[in-house]
Structures are given as structure tokens and as C-alpha cells.
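Coordinates in review
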Amino acid sequence: MGVQDGENAAGAADVEGKHSKSALKKAAKELEKAAKKQAYKAEKGGPEPSEGAAGGRVDEPDISEFRYGELPLNQSQIKETRTVTRVEAVNKSLANKTVLIRARLHTSRAKGKQCFVVLRQGRSTIQMLVAVGPGISKQMLKFVTNVPKESIVDVVGVVQPVPKPIESCTQSEVELSCHEFWVVSLSAPKLPLQIDDATRRVTDDADEDNLNIRVNQDTRLDNRVLDLRTPTNQAIYRIEMGVCKLFRAALEKKSFVEIHTPKIIPAASEGGANVFTVSYFKGSAFLAQSPQLYKQMAIAADFEKVYTIGSVFRAEDSNTHRHLTEFIGLDLEMAFDTHYHEVMDTIGATFTEIFRGLRDHYADEIKTVGKQYPADEFTFLDPPLRLEFPQAVQMLREAGVDQGDEEDMSTPTEKLLGRLVKAKYDTDFYILDKFPLAVRPFYTMPDPNNPKASNSYDMFMRGEEILSGAQRIHDPTLLCERATHHGIDLEKIKGYVDSFRYGCPPHGGGGIGLERVTMLYLGLDNIRKTSMFPRDPKRITP
Ligand code: ATP
């Protein structure tokens, strides 16, 4: 099928949903053509013929007739084993070898009798030269030139070392000399955003900013499928996968059991506020604000050490850089022997393993993100730094902040504390233990030595909270007492309290926000950059 002036005629009819007589006729013709091509391929064993020139028929015979064109719609007609090479694997070691590659057409630039194409696959790019000469016709060149950016193509080419490195491509020491060029899936000719614009480095240079086109966050999120194709995003979501993988690996080594907890729950898990109500047959239910109650019930049910990775819902109208209405919680809970610090230290060591694993196994991805969003390397200590709340208050007061002993810290205060800690201890990660009892949930174990304190902790990355945790009250009488103190209707938490009536080991745990960990590890400024399809008070699409 020909591609005329960068527009796919049949595709355009599809997009617009026109079912006019002429559109139907055209579609029938296309089908007939595809069938003929298939028949030809079956008979000759070679690639099917194309229409020839991209911009209409030319009179001279097309010497490249069987080397290019648009493939018929893949409906899995043929099962073939063929060797497809990854772009990242194409280097000098393959010099003069012929390779078959499926990739996106990132850019193409025609210049006289040749066209420079850049092919992109994930974070890898390679240049390909299509030059009129033996085997490559003018018609083929025209066809290639007219294929819209972001189309998926199958190309066959010979790997050629280049005298000067091609700085703009990841495969800088070679290029491909094109032999065949087949379109697998055409992109619309007009893109709502350009991948190169969406990948542009963030700088503080206002002059440079004025010269360059940037893509704003809403345009990115409105066209997320395109935005996610940038090398930066390809890297971010692999790093995020790494966080989960390393979290799992660290806990499995310690004999934790992975569990799955319900997301549809009968009562709000963390009190009445911030909970989404959903209709549930003739009544209503809630979306879980955390797996808190269920992971504790798993401890009461003798699982000893559990973790879960799953969606958490918060109906908070918080339009900030770090709040979502749906995020992924990495939660864990464990029984301990004598002291809740066994739990806190286990979590601290889990973070150390995550940071070490990211540094050692995701260095390429971290570098890719850093090219667009420069950030200082994440620093951490092993074992992690542990401070107590009163020490933090002291540090803040010395820095001139009026922080109360029993008051939760505001976000700016948290950030300032992060800077003070970094300056003093050179770490971007630390644990703050012994939070005031008054600012923690009802199920937090009070400190036996100080009625105003609790056996609870938060953990911070680059000065922002990424975990809240504590020893939980496993005694039903004390639990009811604390719930009453918080004004909670005991009837509403009966099921929760009852799970501790048949004996439960002392235990504690914590909840981590996955998107926050990824954002702060990479030094990014907004949680929407680390949520593939973010949900916030103003956005539930795409
Ligand atoms: P914050 O004070 O920042 O609103 P929180 O005290 O409500 O957080 P917790 O309920 O203790 O947080 O949740 C544990 C962890 O889950 C937090 O440390 C954070 O990493 C993550 N988290 C909490 N709320 C959100 C949210 N709305 N969006 C993204 N992550 C969140």
C-alpha cells in the first residue's frame, strides 16, 4: 500500500469512522491487494510486492519492488522463526552482517538521493542510511521518506562501522545500510507531542529554555502512550520495577510471605476521612486506604512475617507534588521477639538492599533519567542513620525553626530537616524514631517510658516521608482504650479488635509509597512522573 504525502488513505478513513461508499470500496480494494500479496508470498517464498512509489506510480520500472512496502495486517497468518536483532546489540562486532530489526521510525531526513533514518527501540537508537543505488530505487527512497514518525517498521540492513561516532544515537559506532523497509504499523502523521521535545534536558538556563520546545505535564499525561516512549520514561518504569523486585527479594530472603489483601472493604481502615465510597449491590463499601488491618490479621493468623504490594486509595483533595488518590503501597508486617526495633531495623536493612540494588543493577537507567532530569546521586549509610524525634526537634530549633515537641512536622520543616541531616551525616536516607503519640493512629503502641511518645517511626528520602510504621497494639483492651481516646466508634472496628482476642504475637510494620520512593531516589520533582497513569483529584484519565 502506498503512503501519500505522509498520510495513510485507508487509515484516515478508519480513524474518522467514515463508512461512505467510496471508503468501503477503498477498504475492499485494500483487502484484495493484501490477499494478492499473501498469495504471491506463498508462491514465490519471498516478500510480497509493494505498490511501488510512495507518492503514486512512476513510469520507470521499480528495481526495489520487493524490498519495501506496507505489510498486510498481521492476523497471525504465518508462523515463522526468524532472527530478529535488538538495536542495543548492534555494534562493531556485527560489522558487515545483515540484520533484521523491528523498531520505531524515530526520525527521517531526506537529503538528495538519500535519507537518514533513526530507528528507536526502547532506549536504544541507531542510524540507517537509505541511499539510491544498486537495489535501492528512487521509488523506495520516496516511500521511506514519507512514512510518518513513530510508525513501526521491519528493516533489513547491513551493519557498517562509521568513521566518526554518531553522537545522536546510542549505537554510535555503526549505522545500517538499508536493504529492505517494511511498515508493520503506521502512525498517524501528526503527533500531539514530539518524542525529542518530551526528552529534552531540564536546565536552569532561561535562554536555552526560550529556544527549546518543552512539553508540559498535562500534554504529556493527556498523551501518555507517546510520552511513555521517551528513553527517560522507559528507564523510570524499569527502575520502579527494580524497587518492587528488590523489596520482594530482600524480604523473601528473610522468610516473609507475600499476601494479597482485599481492596473492597466494609469499613474505612484508617478512620472515616479520606475514604472512597463505592456502591456495592444494594449497599455501599469502601476502597482500602491501606492493607493495615489485613496484614495485622495475617500476623494474628500465624504468618509471622508478611508483605504485600498493591493499590491503596486515598480520597484526599491534595493537589501536591507528592500525593495521588491511588498509589502502590509496599507494606510489611512482622511478629518480633522482644523489641519493635527488630522490625525497624529489618525495614532499614530492606531499604539499604533496595538502594544498593538500584545503584548496582540499574546504573544505565539511572544515568538515562539523569540526562533529562539532572540530580545528585542518592547517598545512604549502612546501617541507616537513626535519629529520635527529640533530636530532630533540637536540630530544627538550632536552625531557627519553632518545632513543637508533640507536633507533627510540616512538609517544609521535613525538607529542612532532610537538608540538615544531609549536611551533618551525608545521607539522603534516615529513620526518625519515637514520634509523639498524639500524631499517630489509634493502633500505635505507646512508649512505656514516656506517655507522650510512641513506639513509631517514619523514614525519609531526600527529606520527604516515604514510610510510616510502628509497633501495633496487639492487646484488645488497650486497643479499645486508645480507639475510644481517638473518638472511634468501637462497633465500627469490632472485626479488627476481635482478631486480637485469640492471642496475637507482639508485632509491627510499615507502609511505603512506591511512586514516592522512585521519585525521591531519582531526585524528581513530581510524583506524576513516577506513576504510569496517575490518579489525582483532577485526573482519572487516560
Ligand atoms: P503524608 O503525610 O505525606 O500525606 P501519610 O502520613 O498520610 O503521608 P501514610 O498513611 O503513613 O502516609 O502512608 C505511608 C506511606 O504511603 C507514605 O509515607 C507515603 O510514602 C505513601 N503515601 C501516603 N499517602 C500518599 C498519597 N496520597 N500519594 C502517594 N503516596 C502516599
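Given the structure is predicted, the values throughout are model-derived calculations rather than measurements.

Cut-offs used in this document
- Residues numbered from 1 in each chain as written.
- Predicted model: local features only at pLDDT ≥ 70, side-chain atom pairs only at ≥ 80, totals over all residues.
- Heavy atoms only, no water.
- Near = heavy atom within 4 Å.
- Polar contact = N/O pair within 3.5 Å; in protein donor to acceptor, adjacent residues only side chain to side chain.
- Areas by Shrake-Rupley, 256 points an atom, 1.4 Å probe, with all protein chains shown as cover.
- Pairing = 2+ DSSP bridges.
- Helix = DSSP H or I, 4+ residues; strand = E, 2+ residues; numbered from the N terminus.
- Contact = heavy atoms within 4.5 Å.
- Axes fitted to C-alpha atoms, helices over the stretch in contact; angles between N-to-C directions.
- Parallel < 35°, antiparallel > 145°, perpendicular 65-115°, else oblique.
- Phe/Tyr/Trp six-rings, centres within 6.5 Å; stacked < 30°, edge-to-face > 60°.
- Buried < 20%, exposed > 50% of the residue type's maximum accessible area, 1.4 Å probe, protein only.
- pLDDT = per-residue confidence, 0-100.
- Salt bridge = Lys/Arg side-chain N within 4 Å of Asp/Glu carboxyl O.
- Core = buried A, V, L, I, M, F, W, Y, C linked by side-chain atoms within 4.5 Å.

**Let's talk about the site of the ligand**
As a matter of local geometry, the ligand sits amid 14 residues, with R314, H323, L324, E465 and R516 nearest to it. One of the side-chain N or O atoms of E465 is found 2.6 Å from an oxygen atom in the ligand. A distance of 2.9 Å separates an oxygen atom of the ligand from a polar atom in the side chain of R516. Contact with the protein chains removes 81% of the 580 Å² of surface that the ligand exposes when unbound.

**Some words on the sheet that holds strand β8 (residues 264–265)**
Across the sheet, three strands lie side by side as β8-β10-β9; this open sheet has antiparallel pairing. Two strands close off the open sheet at either side, each with one partner strand: β8 and β9 (277–280). Taken together, the two bridges between β8 and strand β10 (residues 283–287) define a ladder with antiparallel strand orientation. Residue pairing in the sheet places I264 in a bridge with L287 of β10.

**Re the sheet that holds strand β16 (residues 464–471)**
Whenever strands of a sheet pair, they do so through backbone hydrogen bonds, lying parallel or antiparallel. Strand order in this open sheet of eight strands is β7-β11-β12-β17-β16-β15-β14-β13, and the pairing throughout is mixed. The open sheet has two free edges, formed respectively by β7 (257–258) and β13 (385–388), since each of these has just one partner strand. Here strand β15 (residues 456–461) runs beside β16; their pairing, made up of six bridges, is antiparallel. Counted as the bridge partner of F460 is E465 from β16. Together, β13 and β14 (429–433) form the strand contacts of helix α12 (residues 389–398), whose direction differs from that of β13 by roughly 85°. Across the sheet, helix α16 (residues 514–521) is in contact with β12 (326–335), β15, β16 and β17 (507–513); its angle to β17 comes to roughly 60°.

**Details of the packing of α12 against helix α13 (residues 411–425)**
One way to put it is that α12 packs onto α13 with a least axis distance of 10 Å and a crossing angle of 90°. Relative to α13, α12 is oriented roughly perpendicular. Packed against α12, whose contacting residues are A392, M395 and L396, the element α13 presents T413, L416, L417, L420, V421, K424 and Y425 at the interface.

**Points about the packing of aromatic side chains**
The full count for this structure, using the stated rule, is 17 aromatic pairs. Between the aromatic rings of F355 and F429, the centroid separation amounts to 5.2 Å while the plane-to-plane angle is 70°, which identifies the pairing as edge-to-face. Residue F355 is found in helix α10 (residues 341–361), and its partner F429 is found in strand β14; the two are separated by 74 residues along the sequence. By relative accessible area, which is 1% here, F355 ends up buried. Between F442 and Y496, the ring centres sit 6.1 Å apart and the planes meet at 85°, which makes this aromatic pair edge-to-face.

**A look at the side chain of Q289**
Relative to the helices and strands, Q289 is located in the loop between β10 and α9 (292–300). Here Q289 falls in the buried class, since its relative accessible area comes to 1%. Engagement of the side chain of Q289 in a polar contact is seen with the backbone oxygen of N274, the distance being 3.3 Å.

**What to know about the confidence of the model for the protein**
Chain-level pLDDT for the protein is 90 on average; 87% of the residues reach the 70-or-more range. Taken together, the stretch residues 1–21 has pLDDT below 50 and engages in 31 contacts with residues farther than four places along the chain or on a different chain. Across residues 42–56, confidence stays below pLDDT 50; counting only partners more than four residues off in sequence or on other chains, it has 44 contacts.

**Concerning α9**
In terms of burial, α9 is a largely internal element, seven of the nine residues being buried. If you check which residues of α9 are buried, you get Q292, L293, K295, Q296, A298, I299 and A300. Here the buried face of α9 lies against β11 (305–313), β12, α15 (494–498) and β17. D302 sits one or two residues past α9 and shows a positive phi near 75°.

**Thoughts on the pattern of salt bridges**
Oppositely charged side chains can pair when the atoms bearing their charge come close. Summed over the entire model, instances satisfying the criterion amount to 31 salt bridges. The residue E365 makes a salt bridge to R123 at a minimum N-O spacing of 3.3 Å. On the criterion of sequence distance, the pair formed by E365 in helix α11 (residues 363–372) and R123 in the loop between β3 (114–121) and β4 (124–131) is long-range, its members being 242 residues apart. In this structure, the salt-bridge partner of K529 is D525, at a minimum N-O distance of 2.6 Å. Residue classification places K529 among the buried positions, given a relative accessible area of 16%. A relative accessible area of 52% places D525 in the exposed class.

**So, the nonpolar core**
Core analysis: the largest hydrophobic core is formed by 49 residues, its most contacted members being F351, F429 and M459. Among the elements of the structure, α8 (231–253), β11, β12, α10, β14, β15, β16 and α16 are those that each provide at least two residues to this core. Per-element accounting of this core gives the leading share, nine residues, to α8. Beyond its immediate sequence surroundings of up to four residues, F351 is in contact with F429, M459, I466, L467, I512 and V517. L141, V147, L176 and V183 belong to the second largest nonpolar core, which has 27 residues in total.

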